[in-house]
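Next come the chains, spelled out residue by residue.
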Amino acid sequence: MDEVYVTNRAELCGRALALPEYSHESRGIRFFTFPLETRRLSGTADTLNIVVRQSMLPENAPFPAGQIRITGELRSFNNKSGSGNRLVLPILAREIRPENDSYDENHISLLGTVCKAPTVRVTPMGREICDVILAVGRRYHRSDYIPVIAWGQQARQTALVSVGTQLSVQGRLQSRPYTKVIDGQSYQRVAYEVSAADIFPL
């Protein structure tokens, strides 16, 4: 099995909210993107960005409607256009297929290295959260830098790890809307992060 696929795996099931649109070209390969909606058990919807190679899109046929299942990898890159979110966390799809099951799924599995000292904060409801950035290796000696949040007891334990520690993370990719004020003007933004269900050092 591909080593990168072992250290960085995404499994999603949800609904495409739009048809794929051209995104960019890399090494002669054209890539397209579309938004996928998945719902948590609470009913809260996460809208996630999916990137797919042109060769994976159906030819002369409509894009799959209804539930679709996507397996792939979580990627990161900085938006240098000067507009929108600075950090973008799309899913690079390896496989897309129709799904008969009606339930949604959002599972991320990562193995990476802590590259910045963890920080702990407390929500207005008094719940502890630990923020940590993982460097997850990929091909060509590159890495994806992925923000992860841990909660409660796991937050307190994660806060103790040092830079350079390898962490295993199982969780979900979530989208979180927020308001950013720049020069007195309010802008709506969306933050993307992996919310850890299980996180432990190796």
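Residues numbered from 1 in each chain as written. Predicted model: local features only at pLDDT ≥ 70, side-chain atom pairs only at ≥ 80, totals over all residues. Heavy atoms only, no water.

**Q** Is there a simple way to think about the overall build of the protein chain in this case?
**A** Counting its secondary structure elements, the protein chain contains two helices and 14 strands. Its C-alpha atoms give the protein chain a radius of gyration of 17 Å, near enough to 17 Å, the size a compact globule of 202 residues would have. The dimensions of the protein chain, computed from C-alpha atoms along their principal axes, are 55 × 45 × 35 Å. Out of the 202 residues in the protein chain, the part that is buried amounts to 41%. Put simply, of all contacts in the protein chain between residues at least 6 apart along the chain, 59% involve residues at least 24 apart. (Helix = DSSP H or I, 4+ residues; strand = E, 2+ residues; numbered from the N terminus. Rg over C-alpha atoms; globule rule 2.2 N^0.38 Å. Buried < 20%, exposed > 50% of the residue type's maximum accessible area, 1.4 Å probe, protein only. Contact = heavy atoms within 4.5 Å.)

**Q** Help me understand the pattern of salt bridges, please; the structure alone is not making it clear to me.
**A** Pairs can form between side chains of opposite charge once their charged atoms are near each other. Under the defined criterion, the tally for this structure stands at 18 salt bridges. With a closest N to O distance of 3.0 Å, Glu-73 and Arg-75 form a salt bridge. Each member of the pair, Glu-73 as well as Arg-75, carries the same accessibility label: buried. Where Asp-144 meets Arg-75, a salt bridge forms, and the shortest distance between an N and an O atom there is 3.8 Å. Residue Asp-144 is found in strand β12 (residues 142-151), and its partner Arg-75 is found in the loop between β5 (67-74) and β6 (77-78); the two are separated by 69 residues along the sequence. Comparing Asp-144 with Arg-75 shows no difference in burial state: the two are buried. (Salt bridge = Lys/Arg side-chain N within 4 Å of Asp/Glu carboxyl O.)

**Q** Looking at this model, I keep getting lost on the state of the cysteines. Mind explaining?
**A** Joining two cysteines, a disulfide is a covalent bond between their sulfur atoms. Scanning the model with the defined rule gives zero disulfides in all. A disulfide-free cysteine, Cys-130 has its sulfur positioned 13 Å from the sulfur of Cys-115, the nearest such atom. Judged by its relative accessible area of 0%, Cys-130 falls in the buried class. (Disulfide = S-S within 2.5 Å.)

**Q** In this structure, what is going on with the nonpolar core? I would like to understand it.
**A** When a protein is soluble and globular, its nonpolar side chains tend to lie buried together. Within the largest apolar cluster, 33 residues are counted, with the highest numbers of intra-cluster contacts made by Ile-70, Ile-91, Val-148, Leu-173 and Val-194. Top element by residues in this core is strand β14 (residues 185-201). It accounts for four residues. Apart from residues lying up to four places away in sequence, Val-148 is in contact with Leu-110, Cys-130, Asp-131, Val-132, Leu-134, Val-169, Val-194, Ala-196 and Ile-199. (Core = buried A, V, L, I, M, F, W, Y, C linked by side-chain atoms within 4.5 Å.)

**Q** How should the pairing of β14 be read in this particular structure?
**A** Every other side chain in a regular strand lies on the same face of the sheet, so the side chains alternate between the two faces. The pairing of β12 with β14 spans two bridges and is classified as parallel. Across the sheet, Ile-149 pairs through a bridge with Ser-195, a residue of β14. With 16 bridges connecting them, strand β13 (residues 166-182) and β14 associate as antiparallel partners. Across the sheet, residue Gln-170 finds its bridge partner in β14, namely Asp-198. The hairpin turn running from β13 into β14, its antiparallel successor, is two residues long, and Asp-183 in that turn takes a positive phi close to 50°. (Pairing = 2+ DSSP bridges.)

**Q** I keep staring at the pairing of strand β3 (residues 29-39) and nothing clicks. Help me out?
**A** The pairing of strand β1 (residues 8-16) with β3 spans two bridges and is antiparallel. Residue pairing for β3: Arg-15 is matched across the bridge by Glu-37. Note that strand β2 (residues 21-26) and β3 share five bridges and pair antiparallel. From the neighbouring strand, Glu-25 faces β3, where its bridge partner is Arg-30. What sits between β2 and β3 in their antiparallel hairpin is a turn of two residues, with Arg-27 showing a positive phi close to 50°. Pairing geometry for β3 and strand β4 (residues 45-53), over nine bridges, is antiparallel.

**Q** What is the right way to look at the environment of Asp-198 in this model?
**A** Looking at the element boundaries, Asp-198 is found in strand β14. Note on Asp-198: relative accessible area 42%, which makes it partly exposed.

**Q** Hey, could you run me through unusual backbone geometry in this one?
**A** With the exception of glycine, most residues fall at negative phi, and the peptide bonds are largely trans. Here Arg-27, not a glycine, exhibits a phi torsion of approximately 50°, which is positive. Tracing the backbone through its elements, the reader meets Arg-27 in the loop between β2 and β3. Of note in the backbone geometry, Asp-183 takes a positive phi value of approximately 50° without being a glycine. Relative to the assigned elements, Asp-183 resides in the loop between β13 and β14. Judged by relative accessible area, Asp-183 falls into the exposed class, the value being 79%.

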